[in-house]
Amino acid sequence: MKQKLVLFILLLTLLGANHASAHNFFVNITESMAHPPGSIVANIGWGHAMPMDDFLQGDMLDTYAIYDPGLKKMDFPFSPDTNKAAGGNEGKSTANFPGGKMLAGDAYARKVLFNENSPQGTYQIAASIKKTQFAVWTDQQGREKWGRKTLDQIKDAKEVKLCWRFQSFAKAFVPVGAWSEPKPVGHDLEMIPLTDLSKVRVGDEVEFKVLMLGQPLEADFSSGLPVLEAYGEQYGADGNYGLQGRISKGIAKIRVTAPGKWLATVRMRKPVTKEDGPAELVGKALEVGYNTTVTFFVRQ
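Residues numbered from 1 in each chain as written. Predicted model: local features only at pLDDT ≥ 70, side-chain atom pairs only at ≥ 80, totals over all residues. Heavy atoms only, no water.

1. Comments concerning the overall build of the protein
Test applied: The helix count covers DSSP runs of H or I at least four residues long, the strand count covers runs of E at least two residues long, and both are numbered beginning at the N terminus. Only protein chains enter the accessibility calculation, which uses a 1.4 Å probe; a residue whose area is less than 20% of its type maximum is buried, one above 50% is exposed, and one in between is partly exposed. Contacts between residues were defined by any pair of non-hydrogen atoms, one from each residue, lying within 4.5 Å.
Looking only at helices and strands, the protein has 2 helices and 19 strands in total. Within the span of the protein, comprising 300 residues, buried residues form 49% of the whole. Summarising the internal contacts of the protein: among those between residues at least 6 apart in sequence, 65% fall at separations of at least 24.

Here is the structure:
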């Protein structure tokens, strides 16, 4: 039952019509200059609300690391056994507090201390969820089934309603010294800020370059026109509205409207074909899907 819950949550992350119906996967960072040249604390956000409202299970997390401006990387260690109990929504009320229950979990908090040898420029904290295969089909008796199966593993299907592989990515950015344009870290779907995210204020325009497999994302009418969606703690956080920016030749813009933490996301799904691939999924999936997020802070 726990695995089924996790699969449905992941599915909603990619299929959700808006952020109200989807668990988002994102990276939070908090900067401190109490001891120059400064430090950051990073953690993984997971859920419907920023900075987080749920605990991500460790066996879902694939990569979690910090990159310096030249893309030198330091991996953040984590255990795949982390948050197993929290992922199952276990918890108990007490006689003295019957109005709720407590769940203990790990937010994957990691601290980085910069020093006089730290290269100047923009650092990236990047994470990804493992590639997940998911299928929904009806068997010969008309019963609906679902699970982590590829097309060639489904033997009793009368109709395959959904069969795809998907993966989620998340990034946040912090400059040490002057801001520099970040380099791609190699995510299949990736956003690169073309705006200095350390100086964004209400009313500013924020611009992103969106890359798909390392190339500028173009409109694909077979899978719908890609858009960048964004919402903030004080704008759209209840899930009923947000901002959208059309992606044209790999570039998307939004104009932020409120202070606080913001999340920008791009969701992409496309058919798997012999002509366009991915080659490893031909005959194994009908679609491939990706989700990528960037968090940033907006000042008044």
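Additional details are given in the paragraphs that follow.
2. Observations regarding the sheet that holds strand E2 (residues 39-47)
In plain terms, the rule: Strands were regarded as paired on the criterion that DSSP finds at least two bridges between them. In this analysis an axis means a line fitted to C-alpha atoms, helices contributing only their contacting stretch, and an angle means the value between N-to-C directions, from 0 to 180 degrees.
Taken in spatial order, the 3 strands line up as E1-E2-E7 in an open sheet, and their pairing is antiparallel. Edge strands, defined here as strands with exactly one partner in the open sheet, are strand E1 (24-32) and strand E7 (110-113). Neighbour-to-neighbour, the strand axes of this sheet turn through a mean angle of 25 degrees, independent of strand direction. Where E2 and E7 come together, 4 bridges link them in antiparallel fashion. The residue bridging serine 39 from the neighbouring strand is leucine 113, located in E7.

3. Quick notes on the pairing of strand E18 (residues 260-271)
Burial analysis of E18 places 9 of its 12 residues in the buried class, the great majority of the element. Bridge count for strand E15 (residues 227-232) against E18 is 5 bridges, and the pairing is antiparallel. Within the sheet, the bridge partner assigned to alanine 230 lies in E18 and is alanine 264. Summarising the sheet, E18 and strand E19 (residues 287-298) pair through 12 bridges and their orientation is antiparallel. Paired with glycine 260 across the strands is valine 298, a residue of E19.

4. Thoughts on the packing of aromatic side chains
Test applied: Two rings from Phe, Tyr or Trp (for Trp, the six-membered ring) form a pair when their centres sit within 6.5 Å of each other. Planes less than 30 degrees apart are called stacked, planes more than 60 degrees apart edge-to-face, and all others tilted.
Counting across every chain of the model gives 8 aromatic pairs. Aromatic pair tyrosine 64 and phenylalanine 76: ring centres 4.9 Å apart, planes at 85 degrees, arrangement edge-to-face. With a gap of 12 residues between them, tyrosine 64 in strand E3 (residues 61-67) and phenylalanine 76 in the loop between strand E4 (73-75) and helix H2 (84-87) connect regions that are remote in the sequence. For the pair formed by tyrosine 64 and phenylalanine 76, the shared burial category is buried.

5. Some thoughts on the pattern of salt bridges
To keep it simple, the criterion reads: Any Lys or Arg side-chain nitrogen found within 4 Å of a carboxyl oxygen on Asp or Glu counts as a salt bridge.
With the rule as written, the count across this model stands at 15 salt bridges. If you follow the salt bridges from partner to partner, you end up with Asp139, Arg143, Lys145 and Asp156 in one network.

6. Things to note about the side chain of aspartate 68
Applied cut-off: Neither His nor the chain ends is counted toward charge; the positive residues are Lys and Arg and the negative residues Asp and Glu. Any pair of N or O atoms that falls within 3.5 Å is considered a polar contact. Within protein, one atom must be able to donate a hydrogen and the other to accept it, and sequence-neighbouring residues count only if both atoms are side-chain atoms.
If you trace the backbone, aspartate 68 turns up in the loop between E3 and E4. One buried charged residue, aspartate 68, forms no salt bridge at all, with the nearest opposite charge on lysine 72 at 5.4 Å. At 2.8 Å, the side chain of aspartate 68 forms a polar contact with the backbone nitrogen of glycine 70. Once residues lying within four places of it in the same chain are set aside, the contact partners of aspartate 68 are Pro119, Thr122 and Tyr123.

7. Overview of the pairing of strand E17 (residues 251-255)
Burial along E17 is one-sided: the residues Ala252 and Ile254 are buried and none of Ile251, Lys253 and Arg255 is. Alignment of strand E13 (residues 205-212) against E17, held across 5 bridges, turns out to be antiparallel. Directly across from glutamate 207, in E17, lies its bridge partner lysine 253.

8. Here's the deal with unusual backbone geometry
Between proline 36 and the following residue, proline 37, the backbone shows a cis peptide bond with an omega angle of 10 degrees. Here proline 37 shows up in the loop between E1 and E2. Of note, the bond from methionine 50 into proline 51 is cis; its omega dihedral lies within 30 degrees of zero at 5 degrees. Position of proline 51 relative to the elements: it lies in the loop between E2 and E3. Despite not being glycine, leucine 71 has its phi angle at roughly 70 degrees, a positive value. By secondary structure assignment, the location of leucine 71 is in the loop between E3 and E4. Although it is not a glycine, lysine 249 sits at a positive phi angle of roughly 55 degrees.

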